[in-house]
Amino acid sequence: MPRTRISDETRQMVIEARTRGVSVREVSKEFGISVSSVRRILKGKQTETAPDEKTKDRAGIERQRKIEDIERRIAELERKIRAADK
């Protein structure tokens, strides 16, 4: 059975309703679409606008780990240079 396409206008109203604090279930009833469709719309909105907080946190942690690794390598090379100069 083919799905009925949810209009862009309805999608925007779903996002706005959730922004106002309306529950997913209430949004579903209000617009006559399934709860899973509401969640899918909201998930799509999240990935289109910006990465979620967990992704930002993971990226920040990974970046910090790389910086610390580079700093360790630099310190090790500096020690080797000092040892070679003696």
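Our structure is the block above this text.
Only a predicted model underlies this, so the values are computations on that prediction, with no experimental measurement involved.

Broken down by element type, the protein chain carries four helices and zero strands. The N-to-C order of helical and strand elements in the protein chain reads α-α-α-α. Restricting the contact set of the protein chain to residue pairs at least 6 apart, pairs at least 24 apart contribute 36%.

Let us look at helix H1 (residues 8-19). Given 3.6 residues per helical turn, the α-helix brings residues three or four places apart onto the same face. Over its 12 residues, H1 extends 17 Å from the first C-alpha to the last, a length consistent with the 16 Å expected when each residue adds 1.5 Å. Inspection of H1 places Thr10, Val14, Ile15 and Ala17 among the buried residues, and these make up the whole buried set. The buried residues of H1 occupy an angular sector of 160 degrees when the element is viewed end-on, so they sit on one face. Turned more than 90 degrees from where H1 packs its buried face, Asp8, Glu9 and Thr19 sit exposed. Once H1 ends, the next one or two residues include Gly21, with phi positive near 100 degrees.

About the thresholds
Residue positions are counted from 1 within each chain, in the order its sequence is given. In keeping with the model being predicted, local features are shown solely for residues with a pLDDT of at least 70 and side-chain atom pairs are shown and tallied solely at 80 or more, while totals for entire chains, interfaces and linings include all residues. Calculation of side-chain values draws on the structure's entire complement of heavy atoms; hydrogens and water are dropped beforehand. Only DSSP runs of H or I reaching four residues or more are called helices, and only runs of E reaching two or more are called strands; each is numbered from the N terminus. Contacts between residues were defined by any pair of non-hydrogen atoms, one from each residue, lying within 4.5 Å. A helix is expected to span 1.5 Å multiplied by its residue count minus one. Each residue is assigned to one of three classes by its accessible area relative to the maximum for its type, calculated with a 1.4 Å probe on protein chains only: buried under 20%, partly exposed between the two thresholds, exposed over 50%. Note that the arc is defined by the directions from the helix axis to the C-beta atoms.

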